[in-house]
Each structure stands twice: as C-alpha cells, then as structure tokens.
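# Results of the structural survey
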Amino acid sequence: MELTLIGKPGCHLCDDARDAVNRVVADFEQRQPAASVSLTELNILDDAELAARYLEEIPVLLINGQVHNYWRIDEVRFATALDNLTKG
C-alpha cells in the first residue's frame, strides 16, 4: 500500500494528520505484519501542480494514488480502508 500525505510546513492540520496517519499505520502494521505500507509526504510549496490542485484541501491523504481524506483524518475510516485493502 502506498500512502501519500500532502501538506505544508506550519500547517497545524497537517501536523495532526501526520500524527493520525502514524498512529493508524503503526496499529495496522502490528495487526498485519505481512502487509507492506509505505508513506510519502509531499509539500505543496515544492510543487506548483500540487499547490494548484490541493491548496484549499490540505492535508490530503492518498491511498494508492486515490484521495481518501482531506482536512482531518478520520482514524476509524482510515483503519477500515487499510483493513479492506488487505481483504481484497
């Protein structure tokens, strides 16, 4: 599974999202040790295309390239999405 967290420095919602993602991923990896999860963080200040697309929505969490959440990460919904990917 490829996770991408899009945000920018100094964004308190981005910091909250990072913490939520890290909590959910740590729990998921404990429950599913065989699952492979990678997390990439992207900064909209470094990429004009990302900024144009997501400026008003950060933080944005993508799962395998698809938008899963923006603004606030619902940890239960995110954990459920990860679990569902291992079932399919």
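Below, the structure is looked at part by part. In this text, all values refer to a predicted model and were calculated from it rather than measured experimentally.

A full pass over the atoms with the stated rule returns one aromatic pair. Judged by centre distance (4.8 Å) and plane angle (75°), the ring pair of Y70 and W71 falls under edge-to-face. For W71, a relative accessible area of 44% translates into the label partly exposed.

With that settled, consider the nonpolar core. Of all hydrophobic cores here, the largest spans 16 residues; its most connected members are L3, V21, V25, L61, I73, F78 and L82. Broken down by secondary-structure element, the contributors of at least two residues to this core are β1 (2-7), α1 (12-31), β3 (60-63) and α3 (75-87). Of the residues forming this core, the biggest block, six residues, is contributed by α1. Among the nonpolar cores identified, the runner-up in size contains 10 residues, and C11, I44, Y54 and I58 belong to it.

Time to look at the environment of T40. Following the sequence through the fold, T40 ends up in strand β2 (residues 38-43). Apart from residues lying up to four places away in sequence, T40 is in contact with L3, T4 and L5.

Let us now look at the state of the cysteines. Within the structure shown, the criterion is met by one disulfide. The residue that forms a disulfide with C11 is C14, at a sulfur-sulfur distance of 2.5 Å. Looking along the S-S bond of the C11-C14 disulfide, the torsion reads about 75°, which is the right-handed sense. With respect to class, C11 is no different from C14; both count as buried.

Quick look at the sheet that holds β1 now. Judged by pairing direction, the sheet is mixed, and its four strands sit side by side in the order β2-β1-β3-β4 without closing on themselves. Of all strands in the sheet, those with a lone pairing partner are β2 and β4 (66-70), marking the two edges. Along the sheet, successive strands turn relative to each other by an average axial angle of 25°, direction set aside. Where α1 meets the sheet, its contacts fall on β1, β2 and β3, and the angle it forms with β1 comes to roughly 165°.

Another aspect to go through is α3. Here α3 contains 13 residues, and its C-alpha end-to-end distance of 19 Å stays within 8% of the 18 Å for a straight helix at 1.5 Å per residue. Looking at α3, one finds that the buried residues are F78, A79, A81, L82 and D83. Its buried side turned inward, α3 meets β1, α1, β3 and β4. One side-chain oxygen at the N-terminal end of α3 lies 3.1 Å from the backbone nitrogen of V76; it belongs to D74.

What counts and what doesn't
- Residues numbered from 1 in each chain as written.
- Predicted model: local features only at pLDDT ≥ 70, side-chain atom pairs only at ≥ 80, totals over all residues.
- Heavy atoms only, no water.
- Phe/Tyr/Trp six-rings, centres within 6.5 Å; stacked < 30°, edge-to-face > 60°.
- Buried < 20%, exposed > 50% of the residue type's maximum accessible area, 1.4 Å probe, protein only.
- Core = buried A, V, L, I, M, F, W, Y, C linked by side-chain atoms within 4.5 Å.
- Helix = DSSP H or I, 4+ residues; strand = E, 2+ residues; numbered from the N terminus.
- Contact = heavy atoms within 4.5 Å.
- Disulfide = S-S within 2.5 Å.
- Pairing = 2+ DSSP bridges.
- Axes fitted to C-alpha atoms, helices over the stretch in contact; angles between N-to-C directions.
- Expected span 1.5 Å × (residues − 1).
- Polar contact = N/O pair within 3.5 Å; in protein donor to acceptor, adjacent residues only side chain to side chain.

Treat this as a map of the structure, not an account of what it does.
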